[in-house]
Amino acid sequence: MSYFAKRFDRSVFTGLPLTIFVVVILVLLGTFVGITDSIVNSLPIVKIDVSFENYLYMVRTPSLAQTFYVITYFADQITIGILMVMTLAYLYFKKELTYIYSLILTFVGAETSVYLIKILINRTRPPTNIAFYIEQSGSFPSGHAATALAFFGFVAYYLVRHIVAKDKKFFVVLIASIIIALVGFSRLYLGVHYLSDVIGGFIMGGLWLVAGITFREHHFYNTSLKKGKNPSM
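Source: prediction; values computed, not measured.

Q: Give a detailed account of the packing of helix α3 (residues 44–59) against helix α8 (residues 166–189), specifying residues and quantitative values.
A: Interaxial distance between α3 and α8 falls to 9 Å at its minimum, and their mutual angle equals 85 degrees. Of the possible angle classes, the one that applies to α3 and α8 is roughly perpendicular. Where α3 approaches α8, its residues Phe-52, Glu-53, Leu-56 and Val-59 are matched on the opposing element by Phe-185, Leu-188 and Tyr-189. In terms of residue class, the contact of α3 with α8 is built from six nonpolar, no polar and one charged.

The following block contains the structure:
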């Protein structure tokens, strides 16, 4: 079988599944670089950011602001830290060591990347008269958005891998997607991030989520082969 034919082989993880994962990573990475370049060079995306943030500020209500203030803490460092410890303890109890390594890769990768990029880009947050509360770190990318997608996305992936019924799989993905979207929007509604910050955070979280899933699936495939089983996605 030729090299290109192997890349589209559906029967093994190292074929079409891995090809898809690599393509997704490259697309996300390319998009992130494009957004970063637009911000650094003050291209039209910056004007869209400012206009959208001003609009949300004008329509903001005290009750919704308080609601989204609670929602934004779903991806706060303390909240996620507690959820991480609980999740890792559960996976350890279940002897799911590969999932533990994958989750750590996903979470640490996302957190470290966001931290370093914030320092490198050093984008100023929206004006203090717009912000519902003051944040001290750089604006791009949104750490809450990246963390929410990386963590809740991985939890959804684990649950989907262990649920048989398709309708329940859909429900899990839907709930995770709603939580992630609400966390991202909360950062905009509270005036602590621009739209491109949140998009950039989602992309960075998505990059590391795909990397973590790829690591786990590849390990699962190799382990199955060694045991003489037929690995399947």
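Q: An account of the layout of surface pockets is needed here, citing residue identities and associated values.
A: Quantified by volume, the largest pocket comes out at close to 480 Å³. Forming the boundary of the largest pocket are 23 residues, of which Gln-77, Lys-118, Ser-137, Gly-143 and His-144 lie nearest the centre. Every element with two or more residues in the lining of the largest pocket is listed here: α5 (77–93), α6 (97–121) and α7 (143–161). If you tally residues by element for the lining of the largest pocket, the top one is α6, at six residues. Of the residues that constitute the lining of the largest pocket, the class distribution is eight nonpolar, nine polar and six charged.

Q: Before we move on, could you go through the packing of α5 against α7 and cite the residues and values that matter?
A: Direction vectors running N to C along α5 and α7 enclose 25 degrees, while the axes themselves pass 12 Å from each other. Taken together, the axis directions place α5 and α7 in an arrangement best described as roughly parallel. For the crossing formed where α5 meets α7, the hand is left-handed. Of α7, the residues touching α5 (which contributes Ile-80, Leu-83, Met-84, Thr-87, Tyr-90 and Leu-91) are Thr-147, Phe-151, Phe-152 and Tyr-158. Each residue belonging to the contact of α5 with α7 can be placed in one class, and the counts come to eight nonpolar, two polar and no charged.

The rules behind each value
Residues numbered from 1 in each chain as written. Predicted model: local features only at pLDDT ≥ 70, side-chain atom pairs only at ≥ 80, totals over all residues. Heavy atoms only, no water. Axes fitted to C-alpha atoms, helices over the stretch in contact; angles between N-to-C directions. Helix = DSSP H or I, 4+ residues; strand = E, 2+ residues; numbered from the N terminus. Parallel < 35°, antiparallel > 145°, perpendicular 65-115°, else oblique. Contact = heavy atoms within 4.5 Å. Nonpolar A, V, L, I, M, F, W, Y, C, P; charged D, E, K, R; others polar. 1 Å grid on protein atoms, 1.4 Å probe; cavity = no way out; pocket = protein on both sides within 12 Å on 5 of 7 lines; lining within 4 Å. Points joined across faces, edges and corners; volume = space filled by probe spheres on them. Left-handed = near helix turned anticlockwise from the far one by under 90°.

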